[in-house]
Amino acid sequence: MSLFLKKKTNLFAYGAAISVATLIRPDTYYFIFLSVGFIAALLIAEKTPWRRASIIILSMLVPIMLLIGGWHIRNYAAAGITEFSTIIPKNLYFFRAGG
C-alpha cells in the first residue's frame, strides 16, 4: 500500500483541504469526484480488502460531506436552491473553456 494511503488521517486531511479549497474557489467542486475515483482506483489496483478500502474512502468523504454538504443545506435554507454555487457553470464556460 502506498505511503499516502497507509494513514487514514492523511486522507481525512486531504478531504478537508479539498473541501476548503472548494468553498474558496467553487471550480474545484468537480475535482472531488475525480479524486475519490482516483483513490478508489489505487485501492483496487493494490488489491486492498473491501472493508479496509471502504474505511479509507469514508475517511476522505467525511469532511467533504460535512463541509460541502453543509454548504448545500445552507444554500437551500437561505436561497431555496440545492446547487453548491450558481457561478460554476458560467465561470467554467466563459473563463476556462472560452479561451
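If you're wondering where the values come from, they're calculated on a predicted model, not measured in any experiment.

Asker: Account for the packing of helix α2 (residues 8–24) against helix α4 (residues 50–79), naming residues and giving values.
Answerer: Look at α2 against α4: their axes get within 8 Å of each other, and the N-to-C directions meet at 25°. One finds that α2 runs roughly parallel with respect to α4. Handedness of the α2/α4 crossing: right-handed. In contact with Lys8, Leu11, Phe12, Tyr14, Gly15, Ala16, Ile18, Ser19, Val20, Thr22 and Leu23 of α2, α4 contributes Arg52, Ile55, Ile56, Ser59, Met60, Val62, Pro63, Ile64, Leu67, Ile68 and Trp71. Of the residues contributing to the contact of α2 with α4, the split by class is 16 nonpolar, four polar and two charged.

Asker: Tell me about the packing of aromatic side chains, residues and numbers included.
Answerer: Tallied over the full model, the rule gives two aromatic pairs. For the ring pair Tyr29 and Tyr30, a centre distance of 5.6 Å and an interplane angle of 80° mean the geometry is edge-to-face. Geometrically, the ring pair formed by Tyr29 and Phe33 is edge-to-face, given 5.7 Å between the ring centres and 85° between the ring planes. With Tyr29 and Phe33 both in helix α3 (residues 29–45) and four residues apart, the pair spans about one turn of that helix. Feature note: the residues Tyr29, Tyr30 and Phe33 constitute an aromatic cluster, connected by ring pairs. When the ring centre of Trp71 is taken as origin, the NZ or CZ atom of Arg74, which lies over that ring, is 4.7 Å away.

Rules and cut-offs
- Residues numbered from 1 in each chain as written.
- Predicted model: local features only at pLDDT ≥ 70, side-chain atom pairs only at ≥ 80, totals over all residues.
- Heavy atoms only, no water.
- Axes fitted to C-alpha atoms, helices over the stretch in contact; angles between N-to-C directions.
- Helix = DSSP H or I, 4+ residues; strand = E, 2+ residues; numbered from the N terminus.
- Parallel < 35°, antiparallel > 145°, perpendicular 65-115°, else oblique.
- Left-handed = near helix turned anticlockwise from the far one by under 90°.
- Contact = heavy atoms within 4.5 Å.
- Nonpolar A, V, L, I, M, F, W, Y, C, P; charged D, E, K, R; others polar.
- Phe/Tyr/Trp six-rings, centres within 6.5 Å; stacked < 30°, edge-to-face > 60°.
- Lys NZ or Arg CZ within 6 Å of the ring centre and 35° of its normal.

In short, shape yes, function no, at least from these values alone.
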